[in-house]
Amino acid sequence: GVPLEPAVAVPVAPRGQFEYSNLGYALLGAVLDEVHGDWFAAVCQHVLEPAGISSAALVPAPADRVVPKLFGRAIKPWALGESSFAAAGGVWSTFEDLCRYADWALEPGAGRSRTVSWQREGASTWINGEVRAAGAVIASAAGITAVVHALAKAPHAADTIATALIEQEVLSTRDD
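In this text the structure is predicted, and so the values were computed from the model without any measurement.

(A) Spotlight on the packing of aromatic side chains. Under the criterion given, the structure shown has three aromatic pairs. Considering the side-chain rings of tryptophan 39 and phenylalanine 40, the 5.6 Å spacing of their centres and the 75° angle between planes classify their relative orientation as edge-to-face. Across this residue pair, the class does not change: tryptophan 39 and phenylalanine 40 are buried. Judged by centre distance (6.3 Å) and plane angle (45°), the rings of tyrosine 101 and tryptophan 118 are tilted. In this pair, tyrosine 101 is assigned in helix 3 (residues 95-105) and tryptophan 118 in the loop between helix 3 and strand 3 (119-121), connecting sequence segments 17 residues apart. The structure contains a cluster of three or more aromatic residues connected by ring pairs, namely Tyr101, Trp104 and Trp118. Sitting over the ring of tryptophan 92, arginine 65 keeps its end group 5.2 Å from the ring centre.

Structure representation (structure tokens):
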């Protein structure tokens, strides 16, 4: 619902060089707003509801938020859900609903359309993201899926934990 300002939509990396940006997701949100009238309503209809997710919100009540603490003080989360970049990671939900989404997206026979924007390498498939002091990943490899959400950890901590969980599970199944 917040318009994407053209001045924000200017790449910062020199031509021909790569620098990660959430601009693509912000642009997708703007396109969905134009086509559907409300990108979040479209996501609810086509993804969240079919996946059985009921807790998703762009701006949850403060009492419904779990936020990391540093030296006993809550780290203020980004107000992504209230910006034109909301489609780039501004959706809050419970961990149970994150797991529910993983089950739905990776359901056998579901097809690649549910994981079209996910990363792939060999037989591994994953999606990850980080904002300030929080990170999440859904990773699937060797027939094992790990869902991790980490708060107040080093960058890429969720990815590291998910990889370790999958490796541990692979080793334990070999020992059986």
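(B) Expanded view of unusual backbone geometry. Even without glycine at this site, phenylalanine 71 takes up a positive phi of about 55°. Along the chain, the position of phenylalanine 71 falls in the loop between strand 1 (69-70) and strand 2 (73-74). With relative accessibility at 80%, the residue phenylalanine 71 sits in the exposed group. The phi dihedral of alanine 152 is positive, around 55°, even though this residue is not glycine. Along the chain, alanine 152 turns up in the loop between strand 6 (144-151) and helix 4 (157-175).

(C) Structural view of the sheet that holds strand 6. Judged by pairing direction, the sheet is antiparallel, and its four strands sit side by side in the order 3-4-5-6 without closing on themselves. Edge strands, defined here as strands with exactly one partner in the open sheet, are strand 3 and strand 6. Within this sheet the neighbouring strands show an average axis-to-axis angle of 15°, counted without direction. Strand contacts of helix 3: strand 5 (134-141) and strand 6, with the helix running at about 150° to strand 6, the strand carrying the most contacts. Relative to the sheet, helix 4 contacts strand 4 (124-131), strand 5 and strand 6, its axis offset from that of strand 6 by approximately 150°.

About the thresholds
Residues numbered from 1 in each chain as written. Predicted model: local features only at pLDDT ≥ 70, side-chain atom pairs only at ≥ 80, totals over all residues. Heavy atoms only, no water. Phe/Tyr/Trp six-rings, centres within 6.5 Å; stacked < 30°, edge-to-face > 60°. Buried < 20%, exposed > 50% of the residue type's maximum accessible area, 1.4 Å probe, protein only. Helix = DSSP H or I, 4+ residues; strand = E, 2+ residues; numbered from the N terminus. Lys NZ or Arg CZ within 6 Å of the ring centre and 35° of its normal. Pairing = 2+ DSSP bridges. Axes fitted to C-alpha atoms, helices over the stretch in contact; angles between N-to-C directions. Contact = heavy atoms within 4.5 Å.

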